[in-house]
Amino acid sequence: MNQALFHYIAACPTAYHAVAYSAQLLQAAGYQHLPEGQLWDLQPGQGYYVTRNRSSLIAFRIPTGDLHSFQMTAAHTDSPCFKIKENPELPGSHYVQLSTEGYGGMIPDSWMDRPLSVAGRVTVRTPQGLAQHLVDLQEPCALIPHVAIHMDRKKDGGTEGYNMAVDLLPLWGQTGKSRSLRSRLAEQLTLPEEDILTTDLYLYNPQPGVSWGNFLSAPRLDDLQCAFSALTALLQAKPSATSLQVCCLFDNEEVGSQTKQGAASTFLMDVLERICLGLGQTRQQLLTALAHSLLVSCDNAHGLHPNHPEYADKNHTVCLNGGVVIKYNANQRYTSDAVSAGLFQLICQKAGVPVQHYANRADIVGGSTLGSIANTQVSVNTVDIGLAQLAMHSAYETAGSEDTAYMVQALTTFYESTFTAAEDGSYQLN
């Protein structure tokens, strides 16, 4: 399982690549692509997927019988990194640097003195208008160098703040000796450099994932570990007679999701409504199905740190290899409540998967995730879960070697289950 995870992460250096590679896996399993700009013809038992902006994807399988509910998972395709600006090179007297800005909340030190590569998408001029292409230079081609400790004694045991426009500019090459970024892109795409119109390019860590001891380490575990698990579960789950099985992979979670392809967009509701209309159902039937549904928001959790256990809430510590984590927050940064968390605990018990409970220490403000954001557009019972990891938002993160399999098993069981809600607040689980 972990080798498949490493392969998935390596194939997904950016959100665009994550969607493209996920689409390949879906197509290989018989899922059909549905363009948003065309009418849909949906068939019982068939799997489909829809993309938006080529960086978000929603896959689903039509039930073989009458639609009763939606069994939905959500993860995100993006990770904190450096976005390369449109005019990329900053020439100097000796060096060429890349003009970049931070995307999301990264740990800057983890990106320094590390060979980095470039990937993303490029728009090009064609005789018909405009086309998009994915690019990935794959090989190391940039690096952000530290200042030697002899020249900056503040770094001696300290962690001073970094200036994004000064300290974290990537080194690209030497003046007069380095090819431009656009020329390398044009070579990879085998087209004239002048045909490149504009770009969405990012620096990424190309270091492969590794297993060691009881752990695994890789780039972009937050949140590709959950994206891989949710997609794998959808592909291996048995078809449902009454539930629409849905897997959402959203872009832009790391910057707030307020985009046309983010969890705060209408993307999910647009897809659900089009499905119901395509199956001959009314909006009232759509809302009825939502009342019997559950959304599982999958985004990793902070594991107990070996050097700083004081950062964890004393009786809500979660450990690597401890199983699926259910996350709680009084201010609704996580959406789990007694009902949604209780339902998911029953699922995990049915799957034979251990469960842990996580909450931030009351005086430490944590991050938010997809669940509460998606709920602004699709009102449905939602539980926030994840897997425990260390060094979240580092260029290279660490998790437990057993937990990916736990997550896949839990989500597979979830997809194969059906909930029926009663007026008294009770649920029947099948």
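Quick look at the structure, then. All of these numbers come straight from a predicted model, not from anything done at the bench. (Residues numbered from 1 in each chain as written. Predicted model: local features only at pLDDT ≥ 70, side-chain atom pairs only at ≥ 80, totals over all residues. Heavy atoms only, no water.)

Across its full length, the protein holds 10 helices and 21 strands. For 430 residues, the compact-globule estimate of 2.2 N^0.38 gives 22 Å, and the C-alpha radius of gyration of the protein, at 22 Å, lies within 12% of that figure. Along the first, second and third principal axes, the C-alpha set of the protein runs to 70 × 60 × 35 Å. Burial statistics for the protein: of 430 residues in total, 53% are counted as buried. Sequence-distant contacts, at least 24 apart, represent 76% of the contacts inside the protein between residues at least 6 apart. Only carbon and sulfur atoms are counted for the fraction: they give 51% of the accessible area of the protein, which is about 18300 Å². (Helix = DSSP H or I, 4+ residues; strand = E, 2+ residues; numbered from the N terminus. Rg over C-alpha atoms; globule rule 2.2 N^0.38 Å. Buried < 20%, exposed > 50% of the residue type's maximum accessible area, 1.4 Å probe, protein only. Contact = heavy atoms within 4.5 Å. Areas by Shrake-Rupley, 256 points an atom, 1.4 Å probe, with all protein chains shown as cover.)

Moving on, we get to the nonpolar core. In this structure, Tyr8, Val296, Phe344, Ile385 and Leu411 are the most contacted members of the largest nonpolar core, which totals 51 residues. It is helix 5 (residues 221-236) that contributes the most residues to this core, nine residues altogether. With residues near it in sequence (within four places) discarded, Val296 still touches Met72, Thr73, Ala74, Phe344, Val383, Ile385, Leu411 and Phe414. By size, the runner-up hydrophobic cluster in this structure holds 34 residues, among which are Phe70, Cys248, Phe250 and Leu295. (Core = buried A, V, L, I, M, F, W, Y, C linked by side-chain atoms within 4.5 Å.)

Counting buried positions along strand 7 (residues 117-126) gives eight out of 10 residues, so the element sits mostly inside the fold. In the sheet, strand 7 pairs with strand 10 (residues 196-204) via eight bridges, with the strands oriented antiparallel. Note on strand 10: the bridge partner recorded for Ala119 is Tyr202. (Pairing = 2+ DSSP bridges.)

In this structure, Asp223 follows Asp222 across a cis peptide bond, with omega equal to 15°. Assignment of secondary structure puts Asp223 in helix 5. Although it is not a glycine, Gln138 adopts a positive phi angle of roughly 65°. Structurally, Gln138 is set in the loop between strand 8 (129-136) and strand 9 (171-174). What makes Gln138 exposed here is its relative accessible area of 56%.

So, on to helix 2 (residues 15-28). Its 14 residues place the ends of helix 2 20 Å apart at the C-alpha level, agreeing with the 20 Å of an ideal helix rising 1.5 Å per residue. Ala15, Tyr16, His17, Ala18, Val19, Tyr21, Ser22, Ala23 and Leu26 are the residues of helix 2 that are buried. Count one or two residues on from helix 2 and you reach Gly30, which has phi positive near 95°. (Expected span 1.5 Å × (residues − 1).)

To continue, consider the packing of aromatic side chains. Centre distance and the angle of the planes are the two values used to describe a pair of aromatic rings. Inspection of every chain in the model, using the stated rule, returns nine aromatic pairs. Here the aromatic rings of Phe82 and Trp111 are separated by 5.5 Å at their centres, their planes lie at 80°, and the arrangement is edge-to-face. In this pair, Phe82 sits in strand 5 (residues 81-91) while Trp111 sits in helix 3 (residues 108-111), placing the two residues 29 residues apart along the sequence. The same class applies to Phe82 and to Trp111, which are both buried. Here the aromatic residues Tyr8, Tyr21 and Phe228 are joined through ring pairs into a cluster of three or more. If you follow Lys83 out to its NZ or CZ, it ends over the ring of Tyr202, 5.7 Å from the centre. Residue placement shows Arg274 over the ring face of Trp40; its charged tip is 3.9 Å from the ring centre. (Phe/Tyr/Trp six-rings, centres within 6.5 Å; stacked < 30°, edge-to-face > 60°. Lys NZ or Arg CZ within 6 Å of the ring centre and 35° of its normal.)

In this section: the pattern of salt bridges. In total, this model carries nine salt bridges according to the counting rule given. One salt bridge in this structure joins Arg52 and Asp270, with 3.0 Å as the shortest N-O distance. A residue pair is termed long-range when its members are at least 10 positions apart, and Arg52 in strand 2 (residues 47-52) and Asp270 in helix 6 (residues 267-278) qualify at 218 residues. With a relative accessible area of 13%, Arg52 lands in the buried category. Note that Lys83 and Asp200 form a salt bridge whose closest N and O atoms lie 3.5 Å from each other. With Lys83 in strand 5 and Asp200 in strand 10, this residue pair connects regions lying 117 residues apart in the sequence. Residue Asp200 is classed as buried on the basis of its relative accessible area of 19%. Several salt bridges share partner residues, and in doing so they unite Glu36, Arg52 and Asp270 into one network. (Salt bridge = Lys/Arg side-chain N within 4 Å of Asp/Glu carboxyl O.)

With antiparallel pairing, six strands are arranged side by side in an open sheet as 8-7-10-5-6-9. Sheet topology places strand 8 and strand 9 at the edges, where each strand pairs with a single neighbour. Across this sheet, the average inter-strand angle for adjacent strands is 25°, counted without regard to direction. With seven bridges connecting them, strand 5 and strand 6 (residues 95-103) associate as antiparallel partners. (Axes fitted to C-alpha atoms, helices over the stretch in contact; angles between N-to-C directions.)

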